[in-house]
Amino acid sequence: MHATLPLLQATEFPAIRRASLTTLQVNLGYKCNQTCQHCHVDAGPNRTEMMDDANIDLVLQVLQAQGVQTLDLTGGAPEMHPLFRHLVTGARALGVHVIDRCNLTILLEPGHEDLARFLADHQVEVVASMPCYSVDNVDRQRGIGTFDKSITALQALNALGYGQADAGAGAESVAPALRLVLVTLVLQQPRAARVVREISALGLSPLQGRLALYAAAGGQRAACAQQHQISAEALKKHLRQLY
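Being a predicted model, the structure only gives us computed values, none of them experimental.

## Some thoughts on the overall build of the chain
Counting its secondary structure elements, the chain contains 10 helices and 5 strands. Counting over 243 residues, the chain shows a buried share of 41%. Within the chain, counting contacts between residues at least 6 apart in sequence, those at least 24 apart form 65% of the total. Surface summary for the chain: the accessible area is close to 13900 Å², and the carbon and sulfur share equals 53%.

## Thoughts on the pairing of strand E4 (residues 125-130)
Within a regular strand, the side chains alternate between the two sheet faces. With 5 of 6 residues buried, E4 is to be regarded as a mostly interior element. One ladder, built from 4 bridges, connects strand E3 (residues 97-102) with E4; its direction is parallel. Looking across to E4, one finds that Cys 102 is bridged to Ala 128. In this fold, the crossover linking E3 to E4 by way of helix H4 (residues 115-121) has right-handed handedness.

## Some points on the nonpolar core
Soluble globular proteins tend to pack their nonpolar side chains together in the buried interior. Formed by 43 residues in total, the largest nonpolar core has its most connected members in Leu 63, Leu 71, Leu 73, Leu 107 and Leu 119. Those residues in contact with Leu 73 that lie beyond four places of it in its chain are Val 26, Leu 28, Pro 78, Phe 84, Leu 87, Val 88, Val 98, Ile 99, Asp 100 and Arg 101.

## Some details on helix H2 (residues 53-66)
An ideal rise of 1.5 Å per residue puts 20 Å on 14 residues; H2 measures up with 20 Å between its terminal C-alpha atoms. Turning to H2, its buried residues number three or more, namely Ile 56, Val 59, Leu 60 and Leu 63. Projected onto a plane normal to the axis of H2, the buried residues spread over an arc of 90 degrees and lie on a single side. Seen from the open side of H2, the exposed residues pointing more than 90 degrees away from its buried face are Ala 54, Ala 65 and Gln 66. Where H2 is buried, its residues touch strand E1 (23-27), strand E2 (70-74) and helix H3 (84-93). Phi turns positive, to about 65 degrees, at Gly 67, one or two residues after H2.

## Observations concerning the environment of Cys 32
In this structure, Cys 32 sits in the loop between E1 and H2. Residues in contact with Cys 32, not counting those within four places in the same chain, are Ala 43, Gly 44, Pro 45, Gly 76, Ala 77, Met 80 and Asn 103.

## Side note on the packing of aromatic side chains
Scanning the entire structure with this criterion turns up 1 aromatic pair. With a centroid separation of 6.4 Å and 55 degrees between ring planes, the pair formed by Phe 84 and Phe 118 is classed as tilted. A residue pair is termed long-range when its members are at least 10 positions apart, and Phe 84 in helix H3 and Phe 118 in helix H4 qualify at 34 residues. For Phe 84, a relative accessible area of 1% corresponds to the buried category. Since its relative accessible area comes to 10%, Phe 118 is described here as buried. When the ring centre of Phe 118 is taken as reference, the NZ or CZ atom of Arg 85 above it lies at 4.9 Å.

## Things to note about the environment of Gly 90
Along the polypeptide, Gly 90 turns up in helix H3. A sequence separation of 30 residues divides Gly 90 from Leu 60, and the C-alpha atoms of the two residues are 6.8 Å apart.

## Regarding the confidence of the model for the chain
Scored by pLDDT, the chain comes out at a mean of 82, with 81% of its residues at no less than 70. Taken together, the stretch residues 167-177 has pLDDT below 50 and engages in 14 contacts with residues farther than four places along the chain or on a different chain.

## A word on the side chain of Gln 34
By secondary structure assignment, the location of Gln 34 is in the loop between E1 and H2. According to the relative accessible area criterion, Gln 34 is buried, its value standing at 5%. Only 2.7 Å separates the side chain of Gln 34 from the side chain of Thr 105, close enough to count as a polar contact. In contact with Gln 34, other than residues within four places in its own chain, are Ala 43, Gly 44, Pro 45, Asn 103, Thr 105, Arg 142 and Thr 146.

## Section: unusual backbone geometry
Among all residues save glycine, negative phi is the norm, and among peptide bonds the norm is trans. Put simply, Gly 75 and Gly 76 share a cis peptide bond, and its omega is 25 degrees. Mapped onto the fold, Gly 76 is located in the loop between E2 and H3.

## A look at the pattern of salt bridges
Oppositely charged side chains may form a pair once their charged atoms are brought near each other. Counted under the stated rule, the structure contains 4 salt bridges. For Asp 72, the salt bridge identified is with Arg 101, shortest N-O distance 2.8 Å. Note that Asp 72 is positioned in strand E2 and Arg 101 in strand E3, a separation of 29 residues in sequence. Take Arg 101: its relative accessible area is 33%, and that puts it in the partly exposed class.

Reading the values: the criteria
- Residues numbered from 1 in each chain as written.
- Predicted model: local features only at pLDDT ≥ 70, side-chain atom pairs only at ≥ 80, totals over all residues.
- Heavy atoms only, no water.
- Helix = DSSP H or I, 4+ residues; strand = E, 2+ residues; numbered from the N terminus.
- Buried < 20%, exposed > 50% of the residue type's maximum accessible area, 1.4 Å probe, protein only.
- Contact = heavy atoms within 4.5 Å.
- Areas by Shrake-Rupley, 256 points an atom, 1.4 Å probe, with all protein chains shown as cover.
- Pairing = 2+ DSSP bridges.
- Right-handed = clockwise from strand over helix to strand, strands pointing away.
- Core = buried A, V, L, I, M, F, W, Y, C linked by side-chain atoms within 4.5 Å.
- Expected span 1.5 Å × (residues − 1).
- Arc of directions from axis to C-beta.
- Phe/Tyr/Trp six-rings, centres within 6.5 Å; stacked < 30°, edge-to-face > 60°.
- Lys NZ or Arg CZ within 6 Å of the ring centre and 35° of its normal.
- pLDDT = per-residue confidence, 0-100.
- Polar contact = N/O pair within 3.5 Å; in protein donor to acceptor, adjacent residues only side chain to side chain.
- Salt bridge = Lys/Arg side-chain N within 4 Å of Asp/Glu carboxyl O.

Structure below.
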């Protein structure tokens, strides 16, 4: 093995000193309702590795003892941990800002139907991920139907005030500034991410959302009906409603 310490000692790079701890990111486990080809932890429904109860309580102790400002929860699908809500409510009671790194489809899973409302009620920031703005790419990477479910979940969050400029205005129990961040793996396409956010906020049906995204991505009308397996007449009807 090469001796690297002398090389490090000789550098003129300024010394790095740690500042105070402001954000604690916690992986609650590898269990997930999806099995994605690109997942760096190979999460899935059959994974059993989950943070134990003692460490969940330790997280809350650390938040309080260190004055941590932000708790960033990830997984797997962090929401599938049995103590996810206990951890969120405990952190919020301490005045800690909570981020939930959400795959969106978990909001539609049995037993999680009230999850979106829970996140809104506790002012949890949602960082939602989609591999791409293309239905084909998303479904190939995350499973058939994932794109439509993700759009439905985004619309549910929008209805609760997430991603809305006037979030909470006139809405009971939903305070202002509920934040939804949509992350895609196509980092070279910031416009595409913006288009997905804007279209998801329109309250369209899943099919209409796909048609709007297809058009926004530069899809040709001539191939649109065949691509989405609908008749030319049905396509005209949907386009009239969209435009």
